[in-house]
Amino acid sequence: MTRVLVTGGAGYVGSHTTKALARAGFEPVVFDNLSAGHRWAVRWGALVEGDLEDPAIIRQALAGSKAEGVLHFAASIAVGESMTNPQKYFRNNVVNTLHLLDAMLECGVKNIVFSSSAAVYGNPETTPIPEDHPLRPTSAYGDSKLIMEKAIRWYGEAYGLRWAALRYFNAAGADAEGELGEEHDPETHLIPLVLQATIGRRPHVEVLGTDYPTPDGTAIRDYVDVGDLAEAHVLALRSLMEGGKSLAMNLGTGQGHSVREVIAAVERVSKLKVPARDAARRAGDPPVLVADPARAAEVLGWKPRHSQLDTIVESAWKWSVAPKHSG
Ligand SMILES: NC(=O)c1ccc[n+]([C@@H]2O[C@H](COP(=O)([O-])OP(=O)(O)OC[C@H]3O[C@@H](n4cnc5c(N)ncnc54)[C@H](O)[C@@H]3O)[C@@H](O)[C@H]2O)c1
């Protein structure tokens, strides 16, 4: 069986992807320091508890697992925090990713699927956003992802590293079978925040900006189901292993939904009223972020299958009211 090292595999997108990898016949080995991930989410492969800060542990994990590829999810992920603590973002997302790349070279592991982000685009000039749109991040987080996309590309040119940089838009939803879901602390993503407000885990949800140039005045985002993202990673890894081209690819649906539409979907699905309050815009949030997903469709044959807004909200709702795991 082909082994793959999954950094950040105890986290949200990484854990759903380990399940998809195991289903597709790979053997995932999770590498995670559990700073934001969960032991209970590691169910489809071994867990190596380690930090990407430590090059020796990464080399050991790569050599010990005989991995033939790496899926690199581990990162610090909060855009707002990156503006007040950029040091954390450049250390964890840049320096630590360089440790990983160097360990891959030393161990002769040639394939990497890298979790990039729509944050590499900054304020879009066109919508939907194609991959050749100018890359001008407006946050330290976005810059940390862009720097690593560039480094990975140069490692490809010089050392033969084969790579896919997957630029996710808004990952959302939960495992269709209810085995996994989103558990970030602190939570910064809209759908879980709306759900938490709906079930009384927070007093209300804030609608950040009601005066955007959009039909209902609230910001529009492209929500993509986490299971669909997981599929795309399996396809990208296979493509690299079969000699496919190294590329950056958007992962989104091409459809945007406003904050008010998300709240309405939660009310439809939960049959409860969402306590929402209008608030000021958050600095740096663009009005509309929607992917042009044509490249991933063409290169990987990837089509989101579970990313209709109500389907996403349905799985996230079920997860939010399910008994909680611990650890
Ligand atoms: N969630 C989204 O909407 C979204 C959108 C765009 C891009 N991304 C990217 O996708 C990836 C996964 O996001 P997520 O939402 O699953 O995040 P997450 O926080 O749930 O998962 C990240 C995992 O990485 C681990 N980790 C962090 N630093 C580490 C280190 N130094 N060593 C070992 N493990 C470490 C954490 O413990 C956690 O399990 C990230 O790279 C993120 O930037 C996410």
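Everything that follows concerns the structure shown earlier in this document.
Summary of the structure given here. It should be emphasised that the depicted structure is a prediction, and the values quoted were computed from it without experimental measurement. (Residues numbered from 1 in each chain as written. Predicted model: local features only at pLDDT ≥ 70, side-chain atom pairs only at ≥ 80, totals over all residues. Heavy atoms only, no water.)

Things to note about helix H7 (residues 226-241)
Its 16 residues give H7 an end-to-end C-alpha distance of 23 Å, which sits within 8% of 22 Å, the value for a rise of 1.5 Å per residue. All of the buried residues along H7 are Val226, Asp228, Leu229, Ala230, Ala232, His233, Val234, Ala236, Leu237, Ser239 and Leu240. The distance from a side-chain oxygen at the start of H7 to the backbone nitrogen of Gly227 is 2.9 Å, and the residue carrying that oxygen is Asp225. With its phi angle positive at about 95°, Gly243 sits one or two positions after the end of H7. (Helix = DSSP H or I, 4+ residues; strand = E, 2+ residues; numbered from the N terminus. Expected span 1.5 Å × (residues − 1). Buried < 20%, exposed > 50% of the residue type's maximum accessible area, 1.4 Å probe, protein only. Polar contact = N/O pair within 3.5 Å; in protein donor to acceptor, adjacent residues only side chain to side chain.)

Digging into the sheet that holds strand S9 (residues 220-221)
Ordered by their spatial adjacency, three strands build an open sheet running S12-S9-S14, and the pairing between neighbours is mixed. Only two strands of the sheet have a single neighbouring strand rather than two, namely strand S12 (257-258) and strand S14 (288-289). As paired elements, S9 and S14 share two bridges and run parallel to each other. Residue pairing in the sheet places Ile220 in a bridge with Val288 of S14. (Pairing = 2+ DSSP bridges.)

Topic: the environment of Lys150
Mapping Lys150 onto the fold places it in helix H5 (residues 140-159). Considered as a pair, Lys150 and Ala165 are 15 residues apart in the sequence and their alpha carbons are 9.9 Å apart.

Some details on the nonpolar core
If you look at the biggest cluster of nonpolar residues, it comprises 29 residues, and the most contacted ones within it are Val13, Leu21, Leu71, Val113, Leu166 and Leu251. Going through the elements one at a time, strand S1 (2-7), helix H1 (12-23), strand S6 (162-168), H7, strand S11 (247-251) and helix H9 (294-300) are the ones with two or more residues in this core. The leading source of residues in this core is H7, at eight residues. Those residues in contact with Leu21 that sit more than four places away from it in its chain are Val4, Val6, Phe26, Pro28, Leu71, Val234 and Leu237. In terms of nonpolar packing, the next biggest core, distinct from the first, is built from 26 residues, Val29, Ala74, Leu101 and Ala248 among them. (Core = buried A, V, L, I, M, F, W, Y, C linked by side-chain atoms within 4.5 Å. Contact = heavy atoms within 4.5 Å.)

Digging into the packing of helix H6 (residues 190-198) against helix H10 (residues 309-321)
Closest axis-to-axis distance for the H6/H10 pair is 10 Å, and the angle between their directions is 50°. In this view, H6 runs oblique relative to H10, as classed from their interaxial angle. The hand of the H6/H10 crossing is right-handed. Note on element contacts: H10 touches H6 through Ile312, Val313, Ala316, Trp317 and Ser320, opposite Ile191, Leu195 and Thr198. (Axes fitted to C-alpha atoms, helices over the stretch in contact; angles between N-to-C directions. Parallel < 35°, antiparallel > 145°, perpendicular 65-115°, else oblique. Left-handed = near helix turned anticlockwise from the far one by under 90°.)

Some remarks on the pairing of strand S8 (residues 205-208)
Only one face of S8 is buried, namely the one carrying Val205 and Val207, since none of Glu206 and Leu208 on the opposite face is buried. Strand direction decides the pairing type here: S8 and strand S13 (residues 276-279), joined by four bridges, are parallel. Counted as the bridge partner of Leu208 is Ala279 from S13.

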